[in-house]
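Commentary on secondary and tertiary structure
Each chain, written out:
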Amino acid sequence: MTRGLVWALACSALLAPAARAVELGARLRPQFEARSFETVRADEEINETVLPIELGADGGRWEARLGLELVSAAWSGEGSSGNLDGLSELSWSLASRFREGRWIVSVGQSTSLHDGALTPREARVIEPLSAPALEAPDPRPHDAGRTLLLAAGTPFETRERALQVALAYELRSEVELFEGGRDFEGPDVVRAGAAFVWTGAASRGEVAIAGESGGTGRLDGADAYETGSELSARARWERAFSGGRLGVGTSWTARSGGSLSAGSLLRESAVRGGNWGDAELDWTRRIAGGEGTAGLRLFAVRGFAGDLGHVQALDPSLAWRREFDRASLGLRVHALTGSGRDERGFSGFGASAAVGIGVLR
Amino acid sequence: MFGLGLCLAAGLASPELARAASAEERAWLLLRTGEADRASAVLDSVLRADPSDLVAAYYAAEAHARAGRIAEARCRWLELESLAGDEEVGRLSLTARRTAESAVADGWIEGEPTPGAPTGRRVLLLPLDNLGDAGASPSFGLAWSYLLGEALAGSELCPIGMPEMLAAIDHRLQEPPRRVPADLESMPVNGIAGLAARLRWLPSADGRPYLAREAKETRAEPDAAALEKAVLRFQSEHALLPTGSADQGTQRALEETLVGRASVLPAPLAPDQVLPLLSALGADYALRGTYRVEGGRVQVRLAWLDRAGKDAVPPQTLLFSIDDAGPESRNAAASLLTGLRLGSPARGAVRPAAPALEPMTLGLLLSDRGLVSAARERFLDCGPALETWPLAERMADWTADPFPDSQSERLLSRLLSRRSLDAGASLDRLSHDLGGSFGRSGARSDPNGVDLLGTSGRIRVHVEGP
């Protein structure tokens, strides 16, 4: 039934009458992230390079996306090391827009190409990459396939205010964990969110809240655990001045702990919850034919399991973006400096670029 | 936010205007229906709320132009060029400004137009008079005007357009105009219309055109006998075989004469001619000065006169290497602005390559006298040195593609398609919060947009090995 619903939505998006000629586009976003941190046992280092490639088509009332992601991640520490390379994910999505773009229905799938058995070495790489504080691009090797059904819309809109709501259902397919095989099926989740956006004199604000309710994860066909639920909120306010634009934002996520089933092979830490939050301040102005942004962000992670489940760090960044007639170019560098659990060191560096052409500029 | 715009809309009779969703849409409808003053008021209210809105600023300038306030529009476009010269809005501003300047300068060919009211913000950058340079840099006085104009662009002091100033100097000196009228260059010299237009334009040895002008129409079909007589006269005055037929040699000579005439530097004005010119151009201040080149160094003496002919700021004497002409001109502009308490220059100093200063200035002069193709050839001759002078580089780009209509359409589309709320982008971001990956303006479209494990709530799975 679910599969039928997916295809029905996909077909409805494709069959929606095109209001104008189809516009095509592509986007490349190479990213490099390096992190080093101390644990109670050793110094660890993670370097990761991700290259997401997206192709898009926009027919006015519908849009289609096709994406793939290449990843090269390496971890070293505790006298050992591991790496993960190759094509990590394929994805597609179809979205149909109604009522002048105020409502959207979308269906999408992503398939992890690492959804086969993981070698222990790959798993060792994945584990630290899953830490909330690392903020590295997501290689999704443990995630297998995901199908997302989403509906979002704007039930209320005036010239200066709008209220928006969204509902999503995510299905996760079965995956074999580790060589020699244990079948793992992640829990399906339901998410809902709402946003309120407004404008004032030269200013613009946006607040959003979202929640997620998880289901049951299964190992070898048997219930293994119940995931916790999650609540997140974000807010951003911008004010334009003659010399540039000031932005202030914050976000916060709280995740409750889940529960293990009797006899589950999972560790309790696997379902532990926690909090994650940040606050940022940025200034954007015209520079070198585009827009340059200098930003400063503070973020903190509390309560999650592992060495990086308790972190606070400062994240200064510089970004530049320029739009051309049919393309755009963005560059960004940032650094991280802070501390982890028990005041142990945590630092990092990242650089990314985004080249967009056509509809994805 | 758009209070003034709303008040105006309330009083509009047109149902289309009443239905307009945004101030920008109302402004465009008002512009389209010829109500430029009201469009200007609506756009200025948008700019009061968001002074960084360059698209609204472009159309506000256009509204002023359509309302007949060309000088005001020119200054606004000039400011936009200095703010966003490399962007679409900057390039369109350059095109719009050049079109407006050309129209005003063409007006001086027919006679002295009515001057605009003084605003306290306009300056006339008369070329420095040459007191001796051993022929090394005869156009330095004009180059200095261009450099000062570039340094003042975007400041609170707006330079009078160079095409207008050049045409006005010719008019004041009662010389046959050196500015080439609109359309003449686009007419091929080997056609009757193009040939006649050139002969009607070029002055003969006695100062009158070779072919008598008939009213303002330069495209009128000439009498065959009169045309032959004019060609004969041109040939005899240019050491050509007097056949009366416009052969290739005659055509080449006509083109060279046209370009040569437009390349002549503006003649110096007598002291008593400055204030009448300042007044006729609606300027508030005028640069008056001289230069002398000795031993590779330039000595410049500058005075800034107000409408009464008095020094608006103390006169200056500068001595510098010609390589430093760019930074020195910016310093001079900064001194003027400081003296008038009008802030500081909006841009940093430029440093044009000294060997190419002469050909680049000539390219600018030809362009400002209406010979776009000839100017492009001069700019092409400058090679990579063109990149050392942004003004010349921008003009070279403009002479290569002066009418980017498609850009204009895109800018209009940007003006009209914007929702002040940008609710589409907000909806994309909310969808992204829930795992969606579509939309051109969502979080995934910028280089900062990475999927964060920590915020996506994905669970960490630790499984004991078999």
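Residues numbered from 1 in each chain as written. Chains lettered and ligands numbered in written order. Predicted model: local features only at pLDDT ≥ 70, side-chain atom pairs only at ≥ 80, totals over all residues. Heavy atoms only, no water.

Some details on the overall build of chain B
If you tally the helices and strands in chain B, you get 20 helices and 6 strands. Split into buried and exposed, the 466 residues of chain B put 53% on the buried side. Sequence-distant contacts, at least 24 apart, represent 62% of the contacts inside chain B between residues at least 6 apart. Surface summary for chain B: the accessible area is close to 19,200 Å², and the carbon and sulfur share equals 52%. (Helix = DSSP H or I, 4+ residues; strand = E, 2+ residues; numbered from the N terminus. Buried < 20%, exposed > 50% of the residue type's maximum accessible area, 1.4 Å probe, protein only. Contact = heavy atoms within 4.5 Å. Areas by Shrake-Rupley, 256 points an atom, 1.4 Å probe, with all protein chains shown as cover.)

Focus on the overall build of chain A
The helix and strand inventory of chain A stands at 2 helices and 22 strands. With 361 residues in all, chain A has 48% of them scored as buried. Residue pairs at least 24 apart in sequence account for 56% of intrachain contacts in chain A once pairs closer than 6 positions are excluded.

Some remarks on the side chain of T250 of chain B
Residues and elements named next belong to chain B. Assignment of secondary structure puts T250 in helix 12 (residues 248-263). Here T250 falls in the buried class, since its relative accessible area comes to 2%. A polar side-chain atom of T250 sits 2.6 Å from a polar atom in the side chain of D247. Among residues more than four places away in sequence, those in contact with T250 are V231, F234, Q235, L240 and S245. (Polar contact = N/O pair within 3.5 Å; in protein donor to acceptor, adjacent residues only side chain to side chain.)

Examining the nonpolar core
All names here are of chain B. Core analysis: the biggest nonpolar cluster contains 94 residues, and F140, W144, L199, V300 and W389 have the highest contact counts within it. Residue contributions to this core peak at 9 residues, all from helix 8 (residues 140-152). Setting aside residues no more than four positions away along its own chain, W144 makes contact with L128, L287, V300, L302, L318, F320, A325, E328, S329 and A332. Grouped together as the second largest cluster of nonpolar side chains are 30 residues, A23, L47, A73 and A100 included. (Core = buried A, V, L, I, M, F, W, Y, C linked by side-chain atoms within 4.5 Å.)

A closer look at the packing of aromatic side chains
Using the criterion set out here, one finds 10 aromatic pairs over all chains in the structure. Ring geometry for W276 of chain A against F299 of chain A: centres 6.1 Å apart, planes inclined by 20°, an arrangement best described as stacked. Here the residue W276 of chain A occupies a position in strand 18 (residues 274-287), and F299 of chain A occupies one in strand 19 (residues 290-302), the gap between them amounting to 23 residues. In terms of burial, W276 of chain A and F299 of chain A fall into one category: buried. Seen from their ring centres, F140 of chain B and Y291 of chain B are 5.2 Å apart, and the 55° between their planes marks the pair as tilted. In this pair, F140 of chain B sits in helix 8 while Y291 of chain B sits in strand 4 (residues 285-294), placing the two residues 151 residues apart along the sequence. Residues F140 of chain B and Y291 of chain B agree in their burial class; the two are buried. Cluster of aromatic residues (ring-pair linked, three or more members): W28, Y58, Y59 and W77 of chain B. (Phe/Tyr/Trp six-rings, centres within 6.5 Å; stacked < 30°, edge-to-face > 60°.)

Overview of empty space enclosed by the protein
Residue and element names in this part refer to chain B. Counting across every chain of the model gives 7 cavities of 30 Å³ or more. Approximately 250 Å³ is the volume attributed to the largest cavity. As for the largest cavity, its lining consists of 23 residues, and the residues nearest its centre are L78, R97, Y146, M162 and L391. Of all the secondary structure elements, the ones that give two or more residues to the lining of the largest cavity are helix 6 (70-84), helix 7 (88-110), helix 8, helix 9 (162-172), helix 15 (354-368) and helix 17 (390-400). If one sorts the elements of the lining of the largest cavity by residue count, helix 8 sits on top with 4 residues. Here the lining of the largest cavity is built from residues that sort into 11 nonpolar, 4 polar and 8 charged. (1 Å grid on protein atoms, 1.4 Å probe; cavity = no way out; pocket = protein on both sides within 12 Å on 5 of 7 lines; lining within 4 Å. Points joined across faces, edges and corners; volume = space filled by probe spheres on them. Nonpolar A, V, L, I, M, F, W, Y, C, P; charged D, E, K, R; others polar.)

Let's talk about the pattern of salt bridges
Side-chain pairing between opposite charges can occur once the charged atoms of the two side chains come close. All names here are of chain A. For the structure on display, the rule yields 47 salt bridges over all chains. In this structure, the salt-bridge partner of D278 is R297, at a minimum N-O distance of 2.8 Å. Of this pair, D278 sits in strand 18 while R297 sits in strand 19, and the two are 19 residues apart along the sequence. Overall, the relative accessible area of 10% leaves R297 in the buried class. (Salt bridge = Lys/Arg side-chain N within 4 Å of Asp/Glu carboxyl O.)

Comments concerning the side chain of T147 of chain A
Within the secondary structure, T147 of chain A is located in strand 7 (residues 145-157). In terms of polar contacts, T147 of chain A uses its side chain to reach the side chain of Q109 of chain A, at 2.9 Å.

What to know about the confidence of the model for chain B
Residues and elements named next belong to chain B. Here chain B shows a mean pLDDT of 80. Residues at 70 or above account for 82%. Counting interchain partners and residues more than four positions distant, the pLDDT-below-50 stretch residues 1-13 has 26 contacts. Throughout residues 439-466 the model reports pLDDT below 50, and contacts reaching past four residues in sequence, or to other chains, amount to 95 contacts. Reported confidences for the modelled complex are a pTM of 0.59 and an ipTM of 0.85. (pLDDT = per-residue confidence, 0-100.)

Here we look at helix 8 of chain B
The end-to-end C-alpha separation of helix 8 of chain B is 18 Å, in line with the 18 Å expected for 13 residues at 1.5 Å each. Positive phi shows up at G154 of chain B, right after helix 8 of chain B, with a value of about 90°. (Expected span 1.5 Å × (residues − 1).)

Section: the pairing of strand 6 (residues 311-321) of chain B
Residue and element names in this part refer to chain B. Of the strand pairs in this sheet, strand 5 (residues 297-306) and strand 6 are connected by 8 bridges, and their pairing is antiparallel. Directly across from V298, in strand 6, lies its bridge partner F320. Linking strand 5 to strand 6, which pair antiparallel, is a turn of 4 residues; within it G309 sits at a positive phi near 90°. (Pairing = 2+ DSSP bridges.)

Considerations on the state of the cysteines
Residues and elements named next belong to chain B. For the structure on display, the rule yields 1 disulfide over all chains. A sulfur-sulfur distance of 2.1 Å marks the disulfide that ties C75 to C158. On the sign convention where negative means left-handed, the S-S torsion of about -95° between C75 and C158 marks this disulfide as left-handed. Here the residue C75 occupies a position in helix 6, and C158 occupies one in strand 3 (residues 158-159), the gap between them amounting to 83 residues. Its relative accessible area of 7% is what places C158 among the buried residues. (Disulfide = S-S within 2.5 Å.)

Some remarks on the packing of helix 12 of chain B against helix 15 of chain B
All names here are of chain B. Between helix 12 and helix 15, whose axes approach to 9 Å, the crossing angle comes to 105°. Taken together, the axes of helix 12 and helix 15 are roughly perpendicular relative to one another. Residues V259, A262 and S263 of helix 12 form the contact with helix 15, whose own contacting residues are L362, L365 and L366. The residue inventory of the contact of helix 12 with helix 15, partitioned by class, reads 5 nonpolar, 1 polar and no charged. (Axes fitted to C-alpha atoms, helices over the stretch in contact; angles between N-to-C directions. Parallel < 35°, antiparallel > 145°, perpendicular 65-115°, else oblique.)

Some remarks on unusual backbone geometry
All names here are of chain B. Non-glycine residue Q174 carries a positive phi angle of around 55°. Here Q174 is to be found in the loop between helix 9 and helix 10 (192-201). You can call Q174 exposed: its relative accessible area is 74%. In this structure, R341 takes a positive phi of about 55° despite not being glycine. A residue is classified by how much of its surface remains accessible, and R341, at 77% relative accessible area, is exposed.

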